[in-house]
Amino acid sequence: MKSFLIPALQTLMIILIALSFFATSWFGEEYVLRAEPYDPYDPFYGEYVLLRYPDLKPSDSAPGGDIFFSLKEGNDGYAIIDRIDSEPFWGAIQGTNYGGQITTPQLEQYYVEQGTGPGLEEAKDLALTLDVAPWGAIRPTFLEKRQEQK
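Residues numbered from 1 in each chain as written. Predicted model: local features only at pLDDT ≥ 70, side-chain atom pairs only at ≥ 80, totals over all residues. Heavy atoms only, no water.

So, the overall build of the protein chain
Along the protein chain, the regular secondary structure elements total 3 helices and 10 strands. For the protein chain, the succession of helices and strands along the chain, N to C, is α-β-β-β-β-β-β-β-α-β-α-β-β. Projecting the C-alpha coordinates of the protein chain onto the three principal axes gives extents of approximately 60 × 40 × 25 Å. Looking at the protein chain as a whole, 37% of its 150 residues are labelled buried. (Helix = DSSP H or I, 4+ residues; strand = E, 2+ residues; numbered from the N terminus. Buried < 20%, exposed > 50% of the residue type's maximum accessible area, 1.4 Å probe, protein only.)

See the structure below:
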């Protein structure tokens, strides 16, 4: 009986991890962020796009360093910061406020299909669709060129 317990627990953990990845999209809200690309190629990892987000700029009164923030849809359809705090709160995305720009590890790199990185770099105006779960997990799902300015 013991010989099956460890593999069964390991299998259950893998299934839970996979389900938690997709649960972000199932239960979360979808937002679209304006994005600006830079440095689209790494010889070891393939093509990816490093992204900056012009709408993720905190106010002057926002705390520096490690922060927690939430998003809402702005009037133009793109996501903007709804709430920002130095303490965690329900639905908060963890990030860092450094130099007047908010970054979060899950949003900094977006891996793209081989050959599409330079085209995205030339576009300059991109839109990143991401899902944000009620518990604060995020999952970038789609990166595309912005067709028109909203």
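Focus: the nonpolar core
Soluble globular proteins tend to pack their nonpolar side chains together in the buried interior. By size, the foremost hydrophobic cluster in this structure holds 24 residues, and its most contacted members are Leu-51, Tyr-53, Leu-56, Leu-71 and Leu-143. Taken together, the elements giving at least two residues each to this core come down to strand E1 (29–38), strand E3 (46–52), strand E4 (65–73), strand E5 (79–85), strand E9 (126–132) and strand E10 (138–145). Considering each element in turn, this core owes the most residues, 4 residues, to E9. Filtering out sequence-adjacent residues up to four positions away, Leu-143 remains in contact with Val-49, Leu-51, Tyr-110, Val-112, Leu-120, Leu-126, Ala-127 and Leu-128. (Core = buried A, V, L, I, M, F, W, Y, C linked by side-chain atoms within 4.5 Å. Contact = heavy atoms within 4.5 Å.)

Overview of the environment of Thr-103
Relative to the helices and strands, Thr-103 resides in strand E7 (residues 101–103). The partly exposed category is assigned to Thr-103, whose relative accessible area is 31%. Taking the C-alpha atoms as reference points, Thr-103 and Asp-66, separated by 37 residues in sequence, lie 9.7 Å from one another. When residues no more than four places from it in sequence are discounted, the contact partners of Thr-103 are Gly-95, Thr-96 and Glu-108.

Topic: the pairing of E10
Looking at chain direction, E9 and E10 are connected through 7 bridges and run antiparallel. Across the sheet, Asp-131 pairs through a bridge with Arg-139, a residue of E10. Linking E9 to E10, which pair antiparallel, is a turn of 5 residues; within it Gly-136 sits at a positive phi near 100°. (Pairing = 2+ DSSP bridges.)

Some thoughts on the sheet that holds strand E6 (residues 93–98)
Reading across from one edge, E5-E4-E6-E7 is the order of the 4 strands in this open sheet, with antiparallel pairing throughout. The open sheet has two edge strands with one neighbour each: E5 and E7. Each neighbouring strand pair of the sheet contributes to a mean axis angle of 50°, computed without reference to strand direction. Here 5 bridges tie E4 to E6, and the two strands are oriented antiparallel to one another. Each residue of the ladder has a partner; that of Phe-68, found in E6, is Gln-94. (Axes fitted to C-alpha atoms, helices over the stretch in contact; angles between N-to-C directions.)

Remarks on the pattern of salt bridges
Pairing between side chains of opposite charge can happen when their charged atoms approach one another. Overall, the coordinates contain 4 salt bridges when judged by the stated rule. Salt-bridge contacts for Asp-85 lead to Arg-83; the nearest nitrogen and oxygen are separated by 3.7 Å. Its relative accessible area of 41% is what places Arg-83 among the partly exposed residues. What emerges from the salt-bridge pattern is a single network uniting Arg-34, Asp-55 and Asp-76. (Salt bridge = Lys/Arg side-chain N within 4 Å of Asp/Glu carboxyl O.)

Some points on the packing of aromatic side chains
Taken as a whole, this structure holds 2 aromatic pairs when the rule is applied. Relative to Trp-26, the ring of Phe-22 lies with its centre 6.2 Å away and its plane at 25°, an arrangement referred to as stacked. Note that Phe-22 and Trp-26 are positioned in helix H1 (residues 2–27) at a spacing of 4 residues, about one turn of the helix. Relative accessible area serves as the criterion here: at 54%, Trp-26 is assigned to the exposed category. For the cation-ring pair, Arg-83 lies above Phe-89, with the distance from its terminal atom to the ring centre recorded as 3.7 Å. We note Arg-146 situated over the ring of Tyr-78; from NZ or CZ to the ring centre the distance is 5.8 Å. (Phe/Tyr/Trp six-rings, centres within 6.5 Å; stacked < 30°, edge-to-face > 60°. Lys NZ or Arg CZ within 6 Å of the ring centre and 35° of its normal.)

Note that every value here comes from positions in space, so none of it alone points to a role or purpose.
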